[in-house]
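Structural characterization, general
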Amino acid sequence: MAETQIAFNINGNQEQIAAEPNQTLLQLLRDELGLTGTKDGCSSGDCGACVVLLDGKPVNSCMVLALQAEGSSVTTIEGLAKDGELHPVQRTFGEAWAFQCGFCTPGMLISCYALLESNDNPTREEILRAIAGNFCRCTGYQGVVKAVQQAAAELRATNSSEGAPDE
Amino acid sequence: MIAGGTDLILRMRDRVLSPSLLIDLRALSLGNIVLGDDELCIGTSVSLSQVLENTDTQRLFPALVAACREFAGPPIRNRATLGGNIANASPAADLVPPLGAYDARVVLRSAGGERVLPLLEFFTGPGQSVIEPDEILTEIRLPLMPTLSAATFIKLGQRRSMAISQVNVTTRLSIHEENVVSEVRIVLGAVAPVPMRALAAEQIISGNALSDELLCSAAQKAAEEIMPISDVRASRSYRVEMTEVLVRRALFATRDELGRNATDG
Amino acid sequence: MSELAIVGQWAASPGAEEIVTGEARYCPDIRLPGMLCGKLLYSPHARARVKKLDVSKAREMDGVFAVLTHADVPGENSYLYAQPDQPLLVVDEVRFQGDAVAAVAARDARTADAALAAIDVEYEELPGVFDPLEAMQRDPDSVMTNQVYRSGDVAAAIASADVVIENTYRTQWAEHAFLETEGGVGLVDDDGGITVYSSCQAPHRDRMQIARALAMPESMVRVITPYIGGAFGAKDEAHVQIHAGLLAHAARRPVHLIRERRESILTHVKRHPFVVEYTTAATSEGKLLAVKARAIADAGPYTNSTHEVLNKFGEFIGGPYKVENIEVEKIGVRTNNPITGAFRGFGAPQAAFVYESQMDDLARQLGMDPLEIRLLNGVETGTKMYTGVVVREGTAMKASLNKAAEMIDWQSRDQLEREPASHLRRGWGVATILKGSGLGRGLSDHAGVMLEMHRDGSVVLHSAAADMGQGITTVMAQLAAERLGVDMASVRVVRADTSKSPDAGGTSASRQAMVSGNAVLEAADSIRNTLLKLAAGKTRIEMDRLDLKAGKLLVDGEPHELSVSDLAQRAGNWGYPLHAESLVHFEYPSDVPEVSYRYSQEVFQFCTQIAQVLVDCETGQVSVERMIAVHDAGKMINPGGVYGQIEGGVAQGIGYALTEELVVQEGHTLNPSLENYVIPMALDIPEIEMEVLEFPEPIGAPLGAKGIAESPIIPTAPAIRNAIYDAIGKPLYELPMTAERVLPIPDGN
């Protein structure tokens with residue numbers, strides 16, 4: 001099966017890599033790029049453990065062919081922290097015990113991060129809707145709601161103290 | 001052909017399909033929603049999230065938006081397309097009944113030209129359609145509804161997200177001033193080899209004034225018209241029972257909404 | 001000792017940062033140079049004879065480094081949980097859909113798949129056994145175990161009773177659905193030993209099994225647990241880690257063997273389905289006189305933990321109630337259905353569904369409030385159970401009932417509309433249960449840790465207690481930090497490694513907080529004593545006025561200028577070892593009359609849950625609007641972990657109650673996917689209202705902590721069942737209570 005070179009942006013870095021036609025983005029990330037933070041829970045889009053951002057939107061990376069990422073930007077769990085500093089929601093997840101075994105956590109965090117990017121004060125219902133495709137077997141979802149609302153509060157405080165962002 | 005890939009990739013992984021050539025439809029600019037004078041055109045590569053967020057679909061085709069809202073979960077909706085849901089031709093396809101209730105037509109294009117047909121005529125059996133090997137689905141055309149119209153989508157699933165329909169139902173009523181029904185559509189999913197209209201049930205309602213008894217008897221009729229199977233999600237008899245329940249609820253909800261629109265308008 | 005600074009406080013788990021950054025490595029994430037992809041070939045039949053098995057073509061393929069059949073297993077070709085009757089690779093007869101016939105190791109997944117396809121195997125399908133009840137009648141040999149336990153005089157009690165209720169209950173196969181499927185990575189060490197990274201619950205038992213299969217001494221085998229993505233009992237027994245070791249040994253290269261989800265659901269152990277005939281005899285005042293049960297468990301093809309699960313079932317089938325007369329017949333039947341084994345609760349959830357449903361039936365028959373009848377019969381401190389066990393601390397039984405009732409305002413619950421719409425009915429149901437922690441009297445329940453403090457006051461803790469998310473790592477770090485007076489960040493917990501950590505036994509039976517917790521306290525106290533002795537010497541103050549806290553030495557409760565790390569440095573300079581290895585046994589009191597039930601557990605997790613449900617009377621769908629959960633932890637060491645365990649357990653319980661079931665036909669699972677095995681997700685679970693009680697276990701538990709890992713999943717299904725009964729007047733006797741089983745709604749409702 002013929003490989004094709006694709007170029008895309010991964011966690012802020014331009015990457016050029018060969019991909020096979022039936023290779024999924026998940027496999028490319030984990031096997032070729034060594035980004036094992038994103039997990040494979042089912043390979044069938046049912047569990048959300050493999051969720052990454054594709055052009056800013058959460059998708060199941062097991063349901064995207066690697067070649068389809070050509071020209072796009074991809075953000076994985078490894079790309080949430082900036083300059084070694086955790087994003088508030090990463091930190092509040094730990095503080096609120098929003099996970100136990102942690103296997104669902106990367107995908108869950110990406111879905112929550114995406115929500116916080118577009119909603120600075122999400123309600124419980126909005127959070128649950130945002131994670132309705134992320135399956136957690138250990139912990140349920142209350143800790144996630146708590147963590148996201150805590151992170152949202154922190155982000156609002158930071159943003160207001162820094163002034164409104166320039167458009 | 002691959003668009004969102006949420007069905008196709010599964011079948012490739014399970015080796016049900018091993019395509020030697022895959023064409024990514026994203027390159028074909030089929031990702032637009034365009035409102036014209038008398039119809040809304042949705043490209044087949046439009047994702048369900050796009051349909052959800054679009055103000056024209058929200059305003060003009062709320063039952064379609066409702067179906068998108070309950071479909072799977074956000075990561076799937078960001079990839080799954082209307083075209084894919086149609087082309088996959090699953091009897092349980094959630095988006096087909098609402099599209100059908102809005103009288104959607106689909107456009108099939110080949111090198112030789114294009115043809116347009118009513119959506120519900122596209123399907124011939126589970127996973128089967130009239131599409132030719134040299135054709136692709138490019139567009140869904142939704143005619144704007146008559147002024148006094150309302151539609152309702154109800155899905156019965158085993159959980160509130162990430163669920164395949166046990167039964168899904170879409171009803172649309174368009175009425176004249178005197179509350180007489182000018183157009184009625186009752187479109188059902190997951191209860192027959194293809195998404196289907198309950199024609200005999202529609203006949204009971206069409207041209208008549210809306211009343212509780214009318215709606216109830218239409219719902220009962222609809223349950224007699226279906227050809228469901230038993231599978232891991234539901235038994236045949238449950239599907240029959242639930243069709244009556246959901247059609248009745250949907251018709252009543254649609255009628256209520258007509259009443260609200262009338263007083264608002 | 002001063003007030004606790006760390007125990008009982010919210011503390012992030014030591015691995016939290018690794019998890020939220022994606023750096024935590026689980027078995028599937030391990031990458032080693034030259035690593036091969038391992039896969040197993042499974043039987044397509046539930047029962048068949050292997051007529052032909054020819055792997056020569058597969059062996060010759062380019063890129064294939066090993067192909068194994070039973071003939072290639074150097075040592076014992078069997079798993080060893082209780083009995084060695086399950087082969088690693090089938091010899092002549094396949095006994096269920098998940099029996100492995102061959103194993104391959106190849107350069108990549110594609111080549112491994114091709115190798116599997118190139119294996120020439122022919123089967124002769126044989127008639128299978130799929131109905132345990134029918135099998136029992138037809139073939140006595142299919143009965144794997146049949147034990148009867150009796151206490152008192154059941155016949156007399158039934159004869160004298162005012163009310164006798166008899167019902168038959170049915171429960172389903174349930175799938176654990178941990179997020180990380182089973183996996184193992186095997187590699188050969190420089191000296192020919194084998195190391196296996198294993199996603200498991202019992203590293204030392206894994207080591208024994210791997211050594212046994214390889215015919216190697218245990219000293220040449222090492223098992224390491226990386227992060228583990230959930231287990232809930234299914235990884236207590238070995239799964240693919242032995243095969244990973246075998247393949248690595250044969251290929252002389254590292255081998256990565258990870259099950260895909262569908263494979264996982266088809267092959268790993270499930271919760272035993274039960275059919276239980278249950279009789280309750282009581283007075284007209286509601287006092288329980290006798291309980292009689294005949295339980296038939298579908299044991300699947302292999303023994304696995306069937307005896308133990310039945311044993312636990314029988315131990316708790318009387319519920320947390322004063323029952324003196326009991327007869328319980330525990331039968332396990334061999335079938336060609338999916339293999340069954342350990343799953344959180346281990347027989348107790350099935351038992352609770354039976355006894356708590358029956359309790360409501362009894363209450364209804366007598367016109368009694370479901371809460372009152374439970375309080376009337378509930379055990380207390382000092383109650384002697386029918387097993388002979390005396391409840392040392394039983395306050396939580398009634399306390400949890402009363403607390404749960406208070407939280408939902410039980411007496412006034414009807415003020416919320418029972419009929420919010422013509423097709424909706426609301427109802428409330430209560431269930432109260434008990435489960436024991438620990439392996440049980442008569443078994444050795446032991447664990448050890450190795451603890452060391454360095455010159456700078458930093459601490460390393462080695463434990464082989466597998467943490468698959470339930471939080472033992474955090475608990476151990478907290479206990480060590482508390483006793484040594486340092487902060488959590490100073491304690492490094494090294495994940496289980498059989499070459500470094502003493503045996504801690506398996507993570508099961510809610511035992512680790514108790515047993516490994518005690519091991520940590522013992523080791524920490526040893527180091528603490530050394531530090532305090534040094535401090536006493538240096539300050540010339542008596543030891544009993546000294547303490548360690550927040551990194552400092554305390555004198556009479558006040559911080560001294562000496563820090564813990566000063567003391568540690570002193571110890572290092574003067575050659576005082578700050579190193580301790582402990583091995584503790586959980587001891588059962590011997591001063592009680594002889595306990596008559598084998599392997600009885602005596603540390604009780606009492607808890608009560610109350611469900612408020614809304615039933616759609618036309619569709620049969622049940623929505624859980626509120627869930628109250630009151631649990632006794634004895635002493636809550638790690639609040640985040642405790643609340644997480646309760647929430648997660650209740651969520652699993654809701655699934656077990658309403659939607660989760662493996663659909664099996666002629667031994668084949670028809671829904672081996674997370675799409676069709678329906679587990680509630682975020683929109684399906686209400687906010688769970690929790691309260692944790694603390695009635696410290698008086699004997700043998702670290703700071704009184706009991707372990708609460710299993711109890712959360714146990715009362716949920718009967719609480720929901722009783723709520724449905726309350727809502728629509730229909731008692732249900734089968735799990736799960738799907739919409740189709742809830743219908744039809746009885747007339748008048």
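Residue numbering note: each chain is counted from 1, following its sequence as written. The lettering of chains begins at A and the numbering of ligands begins at 1, in the order of writing. Selection of residues for local features in this predicted model requires a pLDDT of at least 70, selection of side-chain atom pairs for listing and counting requires 80 or more, and totals for whole chains, interfaces and linings are taken over all residues.

1. Brief notes about the overall build of chain B
Going by this rule: Counting from the N terminus, the helices are the DSSP runs of H or I reaching at least four residues and the strands are the DSSP runs of E reaching at least two. To sort residues by burial, count the other C-beta atoms lying within 10 Å of each one's C-beta; a count of 20 or more means buried, 12 or fewer means exposed, and anything in between means partly exposed. C-beta atoms are built from the backbone. It is the C-beta atoms, placed from the backbone, that decide contacts: two residues are in contact if theirs lie within 7 Å.
Helix and strand counts for chain B come out as ten helices and eleven strands. C-alpha extents for chain B along the principal axes are approximately 55 × 45 × 35 Å. A total of 265 residues make up chain B; the buried ones form 50% of that total. Looking at chain B alone, contacts between residues at least 24 apart form 63% of all its contacts between residues at least 6 apart.

2. What to know about the domain arrangement of chain C
Residues and elements named next belong to chain C. Heads up, the rule is: As annotated, the domain borders come from an automatic or database domain assignment.
Structurally, chain C comprises domain 1 (32-127 + 176-267), domain 2 (345-437 + 598-742) and domain 3 (446-585). Computed over C-alpha atoms, the centres of domain 2 and domain 3 are 37 Å apart. Tallying the contact residues gives 15 residues for domain 2 and 14 residues for domain 3. Taken together, the elements giving at least two residues each to the side of domain 2 that touches domain 3 come down to β24 (603-616) and α16 (639-658).

3. Quick look at helix α15 (residues 564-574) of chain C
Residue and element names in this part refer to chain C. Our working rule: The reported arc concerns the directions from the helix axis to the C-beta atoms and nothing else.
Listing the buried residues of α15 in full gives Val-564, Leu-567, Ala-568 and Ala-571. In a view along the axis of α15, the buried residues occupy a sector of 100°, so they form one face of it. Projecting away from the buried face of α15 at angles above 90 degrees are the exposed residues Asn-573 and Trp-574. Buried positions along α15 lie against β17 (446-453), α13 (472-484), α14 (512-539), β20 (546-549), β21 (552-555) and β22 (558-563).

4. Topic: the domain arrangement of chain B
One frequently used descriptor of interface size is the decrease in accessible area upon assembly of the parts. Residue and element names in this part refer to chain B. Rules: Lys, Arg, Asp and Glu make up the charged group, whereas Ala, Val, Leu, Ile, Met, Phe, Trp, Tyr, Cys and Pro make up the nonpolar group; the residues left over, Gly among them, are polar.
Split into domains, chain B comes out as domain 1 (8-143) and domain 2 (149-264). Every contact between the two is made by 22 residues of domain 1 and, on the other side, 23 residues of domain 2. At the level of elements, α4 (62-69), α7 (96-101) and β5 (123-125) are the ones that each hand at least two residues to the side of domain 1 that touches domain 2. Residue contributions to the side of domain 1 that touches domain 2 peak at five residues, all from α7. Looking at side-chain class alone, the side of domain 1 that touches domain 2 contains 16 nonpolar, four polar and two charged residues.

5. Quick look at the packing of helix α11 (residues 370-377) of chain C against helix α12 (residues 395-408) of chain C
Residues and elements named next belong to chain C. Test applied: Note on definitions: angles span 0 to 180 degrees between N-to-C directions of axes, and those axes are lines fitted to C-alpha atoms, for helices only across the stretch in contact. Here the angle decides the label: under 35 degrees means roughly parallel, over 145 means roughly antiparallel, 65 to 115 means roughly perpendicular, and every other value means oblique. If you view the pair so one helix is near and one far, a crossing is left-handed when the near helix is turned anticlockwise from the far one by less than a right angle, and right-handed when it is turned clockwise.
For the pair α11 and α12, the least separation of the axes is 10 Å and the interaxial angle reads 165°. One finds that α11 runs roughly antiparallel with respect to α12. Our pair here, α11 against α12, has a crossing hand that is left-handed. Of the residues in α12, those in contact with Leu-371, Arg-374 and Leu-375 of α11 are Lys-398, Leu-401 and Ala-405. The residue inventory of the contact of α11 with α12, partitioned by class, reads four nonpolar, no polar and two charged.

6. Here's the deal with the sheet that holds strand β25 (residues 622-632) of chain C
Consider a sheet: its strands pair through backbone hydrogen bonds, and that pairing is either parallel or antiparallel. Residue and element names in this part refer to chain C. Condition: Strands qualify as paired when DSSP identifies two bridges or more between them.
Pairing in this open sheet of four strands is mixed, and the strands run β16-β24-β25-β28 from one edge to the other. Edge positions in the sheet fall to β16 (424-437) and β28 (688-693), since each has one partner strand and no second. Each strand of the sheet is rotated relative to its neighbour by a mean of 15°, with strand direction disregarded. As paired strands, β16 and β24 are joined by 14 bridges and run antiparallel to one another. Across the sheet, the residue bridging to Trp-428 is Gln-612, located in β24.

7. Description of the interface of chain A and chain C
Taken together, the 41 residues of chain A in the interface contact 44 residues of chain C. Elements with a contribution of two residues or more to the side of chain A that touches chain C: α2 (88-95), α3 (105-118) and α5 (142-161) of chain A. Element by element, the count of residues in the side of chain A that touches chain C is highest for α2 of chain A, at four residues. Grouping the constituent residues of the side of chain A that touches chain C by class yields 20 nonpolar, 16 polar and five charged.

8. Some remarks on the sheet that holds β20 of chain C
Residue and element names in this part refer to chain C. The strand order across the open sheet formed by three strands is β20-β21-β22, and the pairing between neighbours is antiparallel. Edge positions in the sheet fall to β20 and β22, since each of these pairs with one other strand and no more. For this sheet the average axis-to-axis angle between neighbouring strands, irrespective of direction, equals 40°. Here β21 pairs with β22 via three bridges, running antiparallel. Bridge pairing in β22 places Leu-554 opposite Pro-559. α15 rests against β20, β21 and β22 of the sheet, and its axis sits at about 40° to β22.

9. Quick look at the interface of chain B and chain C
Taken together, the contacts link twelve residues of chain B with 14 residues of chain C. Tallying contributions element by element places helix α10 (residues 236-264) of chain B first for the side of chain B that touches chain C, with three residues. Tallied by class, the residues present in the side of chain B that touches chain C amount to seven nonpolar, three polar and two charged.

10. As for the environment of Glu-180 of chain C
Residue and element names in this part refer to chain C. Within the secondary structure, Glu-180 is located in the loop between β8 (163-170) and β9 (183-188). Glu-180 gets classed as buried once you count the C-beta atoms within 10 Å, which come to 31. Residues Glu-180 and Val-291, spaced 111 residues apart in sequence, show a C-alpha to C-alpha distance of 41 Å.

11. Considering unusual backbone geometry
Across the junction of Leu-735 of chain C and Pro-736 of chain C, the peptide omega takes the value -5°, indicating a cis bond. Structurally, the position occupied by Pro-736 of chain C is in the loop between α17 (716-728) and α18 (739-742). Here the amide bond leading from Leu-743 of chain C into Pro-744 of chain C is cis, since omega sits at -5°, within 30 degrees of zero. Residues other than glycine seldom take positive phi values, yet Ala-72 of chain B does so here, at roughly 50°. Residue placement: Ala-72 of chain B occurs in the loop between α4 and α5 (74-77). Residue Ala-72 of chain B is classed as buried on the basis of its C-beta count, with 23 C-beta atoms lying within 10 Å.

12. Some thoughts on the packing of α16 of chain C against α17 of chain C
Residues and elements named next belong to chain C. The N-to-C vectors of α16 and α17 enclose an angle of 55°; their axes lie 8 Å apart at closest approach. Accordingly, the angle class assigned to the pair α16 and α17 is oblique. Crossing hand, α16 versus α17: right-handed. Each of Val-650, Gly-653, Ile-654, Tyr-656, Ala-657 and Leu-658 in α16 lies in contact with α17, whose residues at this interface are Thr-716, Ala-717, Ile-720 and Arg-721. Of the residues assigned to the contact of α16 with α17, the class counts are seven nonpolar, two polar and one charged.

13. Observations regarding the pairing of strand β1 (residues 4-10) of chain A
Residue and element names in this part refer to chain A. In this structure, β1 lies alongside strand β2 (residues 13-19), joined through seven bridges in antiparallel fashion. Within the sheet, the bridge partner assigned to Thr-4 lies in β2 and is Ala-19. Once β1 ends, the chain turns through two residues before running back antiparallel as β2, passing Asn-11 with a positive phi of about 50°. In this structure, β1 lies alongside strand β5 (residues 73-75), joined through two bridges in parallel fashion. Counterpart to Asn-9 in the pairing with β5 is Ser-73.

14. A short note on the confidence of the model for chain C
Put simply, the test is: As a per-residue quantity, pLDDT reports the predictor's confidence and falls between 0 and 100.
Taken residue by residue, chain C gives an average pLDDT of 96. The fraction at 70 or more is 99%. Prediction confidence for the complex, expressed as pTM and ipTM, is 0.97 and 0.96 respectively.

15. Focus: the nonpolar core
Residue and element names in this part refer to chain C. The line we're drawing: Here, a nonpolar core means buried Ala, Val, Leu, Ile, Met, Phe, Trp, Tyr and Cys residues linked by C-beta atoms lying within 7 Å of one another.
By size, the foremost hydrophobic cluster in this structure holds 391 residues, and its most contacted members are Val-104, Leu-247, Ala-480, Ile-720 and Ile-724. The biggest single contributor to this core is α14, with 13 residues. Aside from chain neighbours lying at most four places away, what touches Ile-720 is Gly-429, Ala-611, Val-613, Val-624, Ala-657, Leu-658 and Met-737.

16. Overview of the environment of Gly-192 of chain C
Among the structural elements, Gly-192 of chain C can be located in the loop between β9 and β10 (194-198). In this structure, the C-alpha to C-alpha distance between Gly-192 of chain C and Arg-252 of chain C, residues 60 residues apart in sequence, is 9.1 Å.

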